[in-house]
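Notes for the structure review
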Amino acid sequence: MDVLNRNKNIDIIGVQIDLGASQKGVAMGPLAIRYAGIKPDLRNMGYTVRDKGDIVPPEDGMSLRNMINFEQVNATNKELYQAVKMTLDEGRFPLVLGGDHSLAAGSISAVAKHYENEGEIGIIWIDAHGDWNNDKSTLSGNMHGMPYSAVCGRGPDSMVDFGQKPHFVPTAHCVQVAGHDFDRAEAERMKEAGMNVFSMRDIDMRGMRDVMNEAIEIAGKDTVGIHLSFDVDAITPEYAPGTGTPVADGITAREAFLAVEMLADSGKLISMDLVEVNPVLDERNKTGQLASELIQLALGKCIY
Ligand SMILES: [Mn+2]
């Protein structure tokens, strides 16, 4: 599909948050992705790009053992919710750069709310982790392990309730791809809720092409479109060393490229997060550049 068939107007929204993660430095992720050249590259693809700058968390806030830095995380997400909502109201495509994955609670809440009168959205969540804990099941208290549960209405509700009356995403339209590091209770919660999960084993058995075909079918069926939430820790650390919770033996860069290219081909992508790029842990911005490439391919960059 040609790039001309897509929403040509992109808003970049950075979120300088690392308060949802234990490993700091990921707040500088948006800068690293911009430094890799994402804006000129997208403009060369024919997009108009407006950079809305970065959302910066408040200096202080309350914390709980099972929801560390919850006040700052939720305040940041409220601001992100409003920014993404406005971008969608203006008919533009929100590209959210992180930052730790807690920000997906704000971005996805906005997308689900924006489309609530038209229909449901689908979610494809590419991540080594499930991010399906809540304040009761969490072992670490880190809120970047909770956003997917929150947007599905399984808590913590404070992550997605900004006074807008949240519109939760039905799990039937939600797919997790490339998971291979789940907490036991987290996995139980996902199964109980009927989450669609394609683990690394499924990718080994069936290949990324088959897995993504089915993932797009699930997230795209009877929905207004698909939100992609891409955590670079899905990619094996040899290719993506710059991330806070790396997991050995993840997908390759090529598998990741194919996944987002297929999503681009589907024509169903309506919004996107690219998260967990940590320049402090990176090697000469390798992961920042990889993130930039993934975004371009997701938005229709054609290599031939
Ligand atoms: Mn994640």
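Description of the structure in this document. (Residues numbered from 1 in each chain as written. Predicted model: local features only at pLDDT ≥ 70, side-chain atom pairs only at ≥ 80, totals over all residues. Heavy atoms only, no water.)

A few words now on a nonpolar patch on the surface. Together, Met-28, Val-280 and Leu-281 line one region of the surface with nonpolar side chains, adding up to about 250 Å² of accessible area. Mapping Leu-281 onto the fold places it in the loop between strand E8 (269-275) and helix H9 (286-298). (Patch = residues over 30% accessible without salt bridge, like charges linked within 9 Å, V, L, I, M, F, W, Y side chains within 5 Å. Areas by Shrake-Rupley, 256 points an atom, 1.4 Å probe, with all protein chains shown as cover. Salt bridge = Lys/Arg side-chain N within 4 Å of Asp/Glu carboxyl O. Helix = DSSP H or I, 4+ residues; strand = E, 2+ residues; numbered from the N terminus.)

The subject of this paragraph is empty space enclosed by the protein. This structure, assessed with the given rule, holds 1 cavity of 30 Å³ or more. Its boundaries defined by the atoms lining it, the largest cavity holds a volume of some 40 Å³. Lining the largest cavity are Ile-108, Ser-109, Ala-112, Val-151, Val-160, Pro-166, His-167, Phe-168 and Val-169. If one sorts the elements of the lining of the largest cavity by residue count, helix H4 (residues 104-114) sits on top with 3 residues. For the lining of the largest cavity, the per-class residue count stands at 7 nonpolar, 2 polar and no charged. (1 Å grid on protein atoms, 1.4 Å probe; cavity = no way out; pocket = protein on both sides within 12 Å on 5 of 7 lines; lining within 4 Å. Points joined across faces, edges and corners; volume = space filled by probe spheres on them. Nonpolar A, V, L, I, M, F, W, Y, C, P; charged D, E, K, R; others polar.)

Here Thr-87 is to be found in helix H3 (residues 70-89). Note on Thr-87: relative accessible area 0%, which makes it buried. Setting aside its immediate chain neighbours within four residues, Thr-87 contacts Asp-11, Ile-13, Lys-52, Arg-92, Phe-93 and Pro-94. (Buried < 20%, exposed > 50% of the residue type's maximum accessible area, 1.4 Å probe, protein only. Contact = heavy atoms within 4.5 Å.)

Once that is clear, we can look at the packing of H3 against H4. In contact at an axis separation of 8 Å, H3 and H4 are set at 40 degrees when each is read in the N-to-C sense. With respect to H4, the axis of H3 lies oblique. For the pair H3 and H4, the sense of crossing is right-handed. Across from Asn-77, Leu-80, Tyr-81, Val-84, Lys-85, Leu-88 and Asp-89 in H3, the residues of H4 making contact are Ala-105, Gly-106, Ser-107, Ser-109, Ala-110, Val-111, Lys-113 and His-114. A breakdown of the residues in the contact of H3 with H4 according to their chemical character gives 7 nonpolar, 5 polar and 3 charged. (Axes fitted to C-alpha atoms, helices over the stretch in contact; angles between N-to-C directions. Parallel < 35°, antiparallel > 145°, perpendicular 65-115°, else oblique. Left-handed = near helix turned anticlockwise from the far one by under 90°.)

Ideal values differ by geometry: the angle at a metal is 109.5 degrees with four tetrahedral donors, but 90 or 180 degrees with six octahedral donors. Only His-101 (ND1), Asp-127 (OD), Asp-131 (OD) and Asp-231 (OD) from the protein reach the manganese ion as donors, at distances of 2.0 to 2.2 Å. One chain supplies every donor for the manganese ion, spaced along it as H-x25-D-x3-D-x99-D. (Donors = N, O, S within 2.8 Å, 3.2 Å for Na, K, Ca; no water.)

Turning to the pairing of strand E4 (residues 122-126), a few remarks are in order. Of all 5 residues that make up E4, 5 are buried, and the element is covered over most of its length. Both faces of E4 are covered, namely the face carrying Gly-122, Ile-124 and Ile-126 and the face carrying Ile-123 and Trp-125. Here E4 runs beside strand E7 (residues 226-231); their pairing, made up of 5 bridges, is parallel. For Trp-125, the partnering residue across the bridge sits in E7 and is Ser-229. Where E4 lies against strand E5 (residues 174-179), 4 bridges are found, and the strand directions are parallel. Looking at the pairing, Trp-125 lines up with Gln-176 of E5. (Pairing = 2+ DSSP bridges.)

Attention shifts here to unusual backbone geometry. In this model, Gly-98 is joined to Gly-99 through a cis peptide bond whose omega is 15 degrees. Of note in the backbone geometry, Arg-284 takes a positive phi value of approximately 50 degrees without being a glycine. Mapping Arg-284 onto the fold places it in the loop between E8 and H9. For Arg-284, a relative accessible area of 83% translates into the label exposed.

Note that all results are geometric; they support no functional claim without further evidence.
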